[in-house]
Amino acid sequence: MEFEQFCNLLPKIELHAHLNGSLSAFSLQKLGCSNEQISEYQQLADLQATEKTLNECFKLFKVAHSATKNQQSVYLATKYVIEDFFNENVAYLELRTTPREEQNMTKADYIESVIRAIKDCDKNIIVKLLLSIDRSDDLKCEENLELIIKMRQKYPNVIKGVDFSGNPYNGTFDPKLFQKARNCGLFITLHCAEIKNDEEVEEILKFRPDRIGHGTFLHPNFGGNDSIWKLYLDTNIPLECCLTSNVACGTAKSYKQHHLQEWIKNSLPFTLCTDDKGVFGTNLSKELGLAYQYFSLTPTNLWEMTQKTVSYTFASDEEKKVLTKILQDWKVKNHF
Ligand code: IMP
Ligand code: ZN
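Not measured: the values here are computed from a predicted model.

Peer 1: Any chance you could explain the site of ligand 1 here in plain terms?
Peer 2: Around ligand 1, a shell composed of 16 residues is seen, among which His 65, Thr 97, Thr 98, Glu 194 and Asp 276 lie nearest. Separating an oxygen atom of ligand 1 from a backbone N or O atom of Asn 20 is a distance of 2.9 Å. The contact in question runs from an oxygen atom of ligand 1 to an N or O atom on the side chain of Asp 275, over 2.9 Å. For ligand 1, whose free accessible area comes to 490 Å², the fraction covered by protein is 96%. For the shell around ligand 1, the leading source of residues is helix α4 (residues 54–67), giving three residues.

Pasting the structure below:
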């Protein structure tokens with residue numbers, strides 16, 4: 001089997017995908033974005049990685065947000081994104097999104113629309129929902145968490161966790177807030193060390209979330225320091241690694257100089273993810289291909305990484321067994 005084909009056909013697990021950032025230009029078109037908006041989106045997405053900055057990347061989310069301002073478009077957006085992941089053989093998807101209020105839609109309506117699309121999905125893919133707390137929306141964090149907890153009580157099999165995201169130059173991590181979420185049975189995944197912010201990173205690691213996203217400025221060779229790296233090693237928290245996103249936002253210098261190498265070298269837990277595949281013009285199969293190209297991860301390495309990823313998911317034990325079997329059967333069928 002050709003390597004590209006392997007990456008596409010392997011039953012994959014995606015644990016870090018933001019709903020609105022995952023919308024393809026084609027989906028945005030179907031959602032009513034004008035040609036002008038689409039070309040703005042694509043031009044920015046096509047820019048050389050080095051020309052972009054994190055703040056510029058954040059501007060791109062506005063395009064998708066302008067196309068998902070009511071319940072029907074949120075429903076359709078969720079449906080399209082799930083279908084795109086399914087079409088590249090993602091078997092398990094944890095989709096995350098920030099509940100958003102618009103003129104004719106409450107945050108609860110927003111969540112209900114996403115859940116309706118997940119429940120209506122008739123494809124062979126397991127989808128779970130993580131709800132994001134936007135760090136830029138500091139003043140509403142408590143209120144947002146209350147809503148998340150309420151919705152989780154209503155949909156315990158779909159809403160599995162809470163994410164902390166948004167522009168990392170804004171807001172601060174509040175351990176009390178996430179402890180409350182944890183006490184209610186929600187899993188916690190936090191964007192961590194996306195930019196250099198040692199104080200916050202230390203607090204996040206001491207909190208011991210179930211997973212962290214990015215982990216860029218942790219290792220001393222990548223802008224972290226010895227005590228932070230030691231703290232990380234003590235926790236051994238799985239990393240959601242988003243190669244293209246980090247390179248595109250300029251937080252990693254290049255694919256080759258990406259901090260993932262420290263995880264590989266030290267046999268630390270990680271999984272490959274897309275972050276915002278629409279914005280960054282990628283998909284999970286491509287991310288696997290990049291890990292092969294730049295870090296020599298062989299098909300066997302990538303299969304094993306996917307198998308380990310099963311244990312990092314927020315799925316039930318029963319669902320984990322199903323995923324393990326899918327992967328085992330696929331390996332046997334494809335003789336490797
Ligand atoms: P949404 O939550 O479905 O609207 O997806 C887009 C949102 O996800 C953005 O507005 C950000 O708040 C968040 N997001 C997407 N990518 C990143 C990232 O790399 N770092 C932090 N936040 C992000
Ligand atoms: Zn992210």
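Peer 1: Would you explain the coordination of the zinc ion (ligand 2) in this entry?
Peer 2: For a metal with four tetrahedral donors the ideal donor-metal-donor angle is 109.5 degrees, whereas six octahedral donors ideally subtend 90 or 180 degrees. Taken together, His 16 (NE2), His 18 (NE2), His 191 (NE2) and Asp 275 (OD) make up the full set of protein donors to the zinc ion (ligand 2), lying 2.1 to 2.2 Å away. Relative to the metal, the four donor atoms surrounding the zinc ion (ligand 2) lie at angles of 82 to 168°, and the coordination shape comes out irregular.

Peer 1: I tried to follow the pattern of salt bridges on my own but got confused; where do I start?
Peer 2: It is possible for side chains bearing opposite charge to pair when their charged atoms get close. Within the structure shown, the criterion is met by 17 salt bridges. A salt bridge links Glu 240 to Arg 211; the shortest N-O distance between them is 2.6 Å. Highlighted residues: Glu 240 in strand β7 (residues 239–241) and Arg 211 in strand β6 (residues 211–214), separated in sequence by 29 residues. Arg 211 shares its class with Glu 240; the two are buried.

Peer 1: I keep staring at the sheet that holds strand β1 (residues 12–18) and nothing clicks. Help me out?
Peer 2: Pairing between the strands of a sheet comes from backbone hydrogen bonds, and it takes one of two forms, parallel or antiparallel. Taken in spatial order, the eight strands line up as β1-β2-β3-β4-β5-β6-β7-β8 in an open sheet, and their pairing is parallel. Edge positions in the open sheet fall to β1 and β8 (270–272), since each of these has one partner strand only. Each strand axis lies, on average, 25° off the axis of its neighbour in the sheet, ignoring direction. The pairing of strand β5 (residues 187–192) with β6 spans four bridges and is classified as parallel. Across the sheet, the residue bridging to His 191 is Gly 213, located in β6. In the packing of helix α9 (residues 198–207) onto the sheet, the strands contacted are β5 and β6, and the crossing angle to β5 comes to about 160°.

Peer 1: Whenever I open this one, the side chain of Ser 27 confuses me. Can you help?
Peer 2: Residue placement: Ser 27 occurs in helix α2 (residues 25–30). Residue classification places Ser 27 among the buried positions, given a relative accessible area of 2%. Beyond its immediate chain neighbours, meaning those up to four positions away, Ser 27 contacts Tyr 80 and Asp 84.

Peer 1: Looking at this structure, how should I read unusual backbone geometry?
Peer 2: Where the residue is not glycine, phi is negative for most of them; where a peptide bond is considered, it is trans in most cases. Even without glycine at this site, His 214 takes up a positive phi of about 75°. Mapping His 214 onto the fold places it in strand β6. Even without being glycine, Ser 267 reaches a positive phi, approximately 50°. Inspection of the secondary structure assignment puts Ser 267 in the loop between α12 (260–265) and β8.

Peer 1: I would appreciate a short explanation of the packing of helix α5 (residues 71–87) against helix α6 (residues 107–120) in the present structure.
Peer 2: For any two helices packed against each other, the geometry comes down to the angle between their axes and how far apart the axes lie. Interhelical geometry of α5 versus α6 gives an angle of 40° and a closest axis separation of 8 Å. Regarding the angle of α5 to α6, the classification is oblique. As α5 packs across α6, the resulting crossing turns out to be right-handed. Each of Gln 71, Gln 72, Val 74, Tyr 75, Thr 78, Lys 79 and Ile 82 in α5 lies in contact with α6, whose residues at this interface are Asp 109, Tyr 110, Ser 113, Val 114, Arg 116, Ala 117, Ile 118 and Asp 120. Broken down by class, the residue content of the contact of α5 with α6 amounts to seven nonpolar, four polar and four charged.

Peer 1: I keep staring at the state of the cysteines and nothing clicks. Help me out?
Peer 2: Counted under the stated rule, the structure contains zero disulfides. For Cys 7, which is in no disulfide, the shortest distance to another cysteine sulfur is to Cys 241 and amounts to 14 Å. Looking at Cys 7, the relative accessible area reads 2%, which means it is buried.

Peer 1: What's the story with the pairing of β6 in this structure? I'm lost.
Peer 2: Every other side chain in a regular strand lies on the same face of the sheet, so the side chains alternate between the two faces. For the handedness criterion, the β-α-β arrangement of β5, α9 and β6 is classed as right-handed. Strand direction decides the pairing type here: β6 and β7, joined by two bridges, are parallel. Bridging across to β7, Gly 213 finds its partner in Glu 240. Handedness of the crossover is the feature at issue here: the chain leaves β6, passes through helix α10 (residues 226–235), returns alongside β7, and the resulting connection is right-handed.

Peer 1: How do you make sense of the packing of helix α7 (residues 141–154) against helix α8 (residues 175–183) when you look at a structure like this?
Peer 2: Following both chains from N to C, one finds α7 and α8 inclined at 5°, their axes separated by 11 Å at the closest point. With respect to α8, the axis of α7 lies roughly parallel. Along its contact with α7, which presents Cys 141, Glu 142, Leu 145, Glu 146 and Ile 149, the element α8 presents Leu 177, Lys 180 and Ala 181. Taken together, the residues of the contact of α7 with α8 break down into five nonpolar, no polar and three charged.

Peer 1: What's the story with the environment of Ile 228 in this structure? I'm lost.
Peer 2: Relative to the assigned elements, Ile 228 resides in helix α10. Accessibility expressed as a relative area gives 1% for Ile 228, which makes it buried. C-alpha separation for the pair Ile 228 and Glu 202, spaced 26 residues apart in sequence, amounts to 6.5 Å. Discounting residues that sit within four places of it in the chain, Ile 228 has contacts with Asp 198, Val 201, Leu 205 and Leu 218.

Cut-off values and rules
- Residue positions are given per chain, counting from 1 as you read along its sequence in written order.
- Whichever chain is written first becomes A and whichever ligand is written first becomes 1, with later ones labelled in order.
- Local features in this predicted model are restricted to residues whose pLDDT is 70 or higher, and side-chain atom pairs enter the listing and the counts only when it is 80 or higher, whereas totals over whole chains, interfaces and linings include all residues.
- Computation of side-chain values: all heavy atoms of the structure, hydrogens and water removed.
- Definition of nearness: a residue and a molecule or strand are near each other if at least one heavy atom of the residue lies within 4 Å of the molecule or strand.
- In protein, a polar contact requires one atom able to donate a hydrogen and another able to accept it; more generally it is a pair of N or O atoms within 3.5 Å, and residues adjacent in sequence count only if both atoms are side-chain atoms.
- Per-residue and other accessible areas follow the Shrake-Rupley method at a 1.4 Å probe size, with only the shown protein chains counted as cover for residues.
- Only DSSP runs of H or I with at least four residues qualify as helices, and only runs of E with at least two residues qualify as strands; both kinds are numbered from the N terminus onward.
- Metal donors: N, O and S atoms at distances within 2.8 Å, or within 3.2 Å for Na, K and Ca, with water omitted from the atom set so that some sites may seem incomplete.
- Sites are called tetrahedral only when four donors show all angles between 85 and 135 degrees, square planar or octahedral only when four or six donors show opposite pairs over 155 degrees and all other angles between 65 and 115, and irregular in any remaining case.
- Here, a salt bridge means any side-chain nitrogen of Lys or Arg that lies within 4 Å of a carboxyl oxygen of Asp or Glu.
- Categorising residues by exposure relies on relative accessible area from a 1.4 Å probe, with only protein chains included: less than 20% of the type maximum marks a residue as buried, more than 50% marks it as exposed, and the intermediate range marks it as partly exposed.
- When DSSP finds two or more bridges between a pair of strands, those strands are recorded as paired.
- Under this scheme, a helix contributes an axis fitted over its contacting stretch, all axes are lines through C-alpha atoms, and angles between N-to-C directions fall in the 0 to 180 degree range.
- Any pair of residues with heavy atoms lying within 4.5 Å of one another is described as a contacting pair.
- An angle below 35 degrees is read as roughly parallel, one above 145 as roughly antiparallel, one from 65 to 115 as roughly perpendicular, and any other as oblique.
- Definitions for this section: a left-handed crossing has its near helix turned counterclockwise from the far helix by less than a right angle. A right-handed crossing has that turn clockwise.
- Side-chain classes follow a simple rule in which Ala, Val, Leu, Ile, Met, Phe, Trp, Tyr, Cys and Pro form the nonpolar group, Asp, Glu, Lys and Arg form the charged group, and the remainder, Gly included, forms the polar group.
- To count as a disulfide, a pair of cysteine sulfur atoms needs to be within 2.5 Å.
- By convention, orient the strands away from the viewer: a clockwise path from the first strand over the helix to the second makes the crossover right-handed.

None of this, on its own, says anything about what the molecule does.
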